[in-house]
Amino acid sequence: MHLTQFPDIHWLRNQAETNFSNGRGVNNAQLAHQGWPSVVLNTTTSGTERNNIKGPFSLFLNTAGNSIVKSEGRHFNVTPDSFCTINNGQYYDLIIPERQTTTTFNIHFGHSLLAETLQAFNATEALLEGDYNQLRNNLQIKPHTIFLDKHIRSLTCKLQLLYKTSPEAKEVEELLLHEILTYIIRFELDLKQCETKIKSLKKSTQSELLSRLLVAQDYIHSNYSSEISTETLSKVSSLSKFHFIRTFKEAFGSTPHQYISKVRLNKAKDLLLTTKLPVKEISMLVGFKEPNSFLRFFKMTQGEAPAKFRS
């Protein structure tokens, strides 16, 4: 279901609390499955607050502008470069600031689609890996932001194009939503592996440390265009500087500085391929004060100059 306007908030809260038990969607449309339907909210608005909504497993993404998602006592800055997710059954607030126009592309994955995707994922992984610790009938992840890569950008662009050219192609829509959800599942399972690499005898300590590291990653995703110090990252993660650096490398296999460089490189490559902005301007947008520093960095990491990469 593709919506270009937010539905009435009071109606939505009531439907969400009962998991759409009356089988009715927007405009009293009959739903094909029990529970939450799959909904893509592609709206352009400003100065909006949508509070205290019990959602399904959801992805919050913007194609333009910023928004804030609050859930489980945390808030996440969602930009056109990153997205965040909430778990099925969690309450969330969605805030779009005043004096700012934001175009959302939020995906609420229907209960039926989530169950079918988990079942298909479990079956595939069991065949590939044999003794596999399967996901059960729900998907619970740590709240955090994920920096957009070219794969997830491609899938969301295909969805946008579908709504413009073939809005009635429901099977194609469901397949794309299934692919996006599968991507998130694989990402989160990789993250669980990161947790096990943290050197601690207690699983609860590993889990807490990973949560703190994810707060630092969230900060990087929102501020990569500015100077980011290790001291700042250790402070936002509530860890000492050297404990933060050591634990970050254990979990993710790279230092905080290397991770920042990776984020900046990915954004620079995206801008080079999708815009006509001068290289000098791109260097500023991804956090380099001196264009020559960006040129050296790009050539060292990518093996060629930005202009050649773009061509």
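Note that this is a predicted model, so its numbers are computed, not measured. (Residues numbered from 1 in each chain as written. Predicted model: local features only at pLDDT ≥ 70, side-chain atom pairs only at ≥ 80, totals over all residues. Heavy atoms only, no water.)

Draft legend 1. Main features of the overall build of the protein chain. Helix and strand content of the protein chain: 11 helices and 13 strands. What you see for the protein chain is a C-alpha radius of gyration of 20 Å, in line with the 19 Å of a compact globule of 311 residues. By residue count, 45% of the 311 residues in the protein chain fall in the buried class. By sequence separation, contacts in the protein chain at least 24 residues apart represent 69% of the contacts at least 6 residues apart. When the accessible surface of the protein chain is split by element, carbon and sulfur atoms take 51% of a total near 16300 Å². Averaging the locations of the 36 positively and 29 negatively charged side chains of the protein chain gives two centres separated by 7 Å. (Helix = DSSP H or I, 4+ residues; strand = E, 2+ residues; numbered from the N terminus. Rg over C-alpha atoms; globule rule 2.2 N^0.38 Å. Buried < 20%, exposed > 50% of the residue type's maximum accessible area, 1.4 Å probe, protein only. Contact = heavy atoms within 4.5 Å. Areas by Shrake-Rupley, 256 points an atom, 1.4 Å probe, with all protein chains shown as cover. Lys, Arg positive; Asp, Glu negative; His and termini not counted. Charge placed at Lys NZ, Arg CZ, Asp CG, Glu CD.)

Draft legend 2. Structural view of the environment of Thr44. Mapped onto the fold, Thr44 is located in strand β3 (residues 44–45). Thr44 gets classed as exposed once you look at its relative accessible area, which sits at 55%. Spatially, the C-alpha atoms of Thr44 and Ser226 are 27 Å apart, while their sequence positions differ by 182 residues. If sequence neighbours within four positions are ignored, Thr44 has contacts with Thr101, Thr102 and Thr103. A polar atom in the side chain of Thr44 sits 3.0 Å from the side chain of Thr103. (Polar contact = N/O pair within 3.5 Å; in protein donor to acceptor, adjacent residues only side chain to side chain.)

Draft legend 3. Focus on the packing of aromatic side chains. Using the criterion set out here, one finds 12 aromatic pairs in the structure. With a centroid separation of 6.0 Å and 80° between ring planes, the pair formed by Trp11 and Phe20 is classed as edge-to-face. Residues Phe248 and Tyr259 carry aromatic rings whose centres are separated by 6.0 Å and whose planes lie at 65° to one another, so their mutual orientation is edge-to-face. Here Tyr259 lies in helix α8 (residues 256–274) and Phe248 lies in helix α7 (residues 241–252), a separation of 11 residues in the sequence. For Phe248, a relative accessible area of 0% puts it in the buried group. Members of the aromatic cluster, joined through ring pairs, are Phe288, Phe294, Phe297, Phe298 and Phe309. Sitting over the face of the ring of Phe288, Arg264 holds its NZ or CZ atom 6.0 Å from the ring centroid. (Phe/Tyr/Trp six-rings, centres within 6.5 Å; stacked < 30°, edge-to-face > 60°. Lys NZ or Arg CZ within 6 Å of the ring centre and 35° of its normal.)

Draft legend 4. Looking closely at the confidence of the model for the protein chain. In the predicted model, the protein chain carries a mean pLDDT of 89, and the fraction of residues at 70 or more is 95%. Averaged over each element, pLDDT in the protein chain is lowest for helix α2 (residues 111–129) (76) and highest for strand β12 (residues 106–108) (96). Here residues 130–136 scores under 50 on pLDDT; set against residues more than four positions off or in separate chains, the count is 15 contacts. (pLDDT = per-residue confidence, 0-100.)

Draft legend 5. Structural detail: α8. The end-to-end C-alpha separation of α8 is 27 Å, in line with the 27 Å expected for 19 residues at 1.5 Å each. Buried residues of α8: Pro256, Tyr259, Ile260, Ser261, Val263, Arg264, Leu265, Lys267, Ala268, Asp270, Leu271 and Leu272, and no others. (Expected span 1.5 Å × (residues − 1).)

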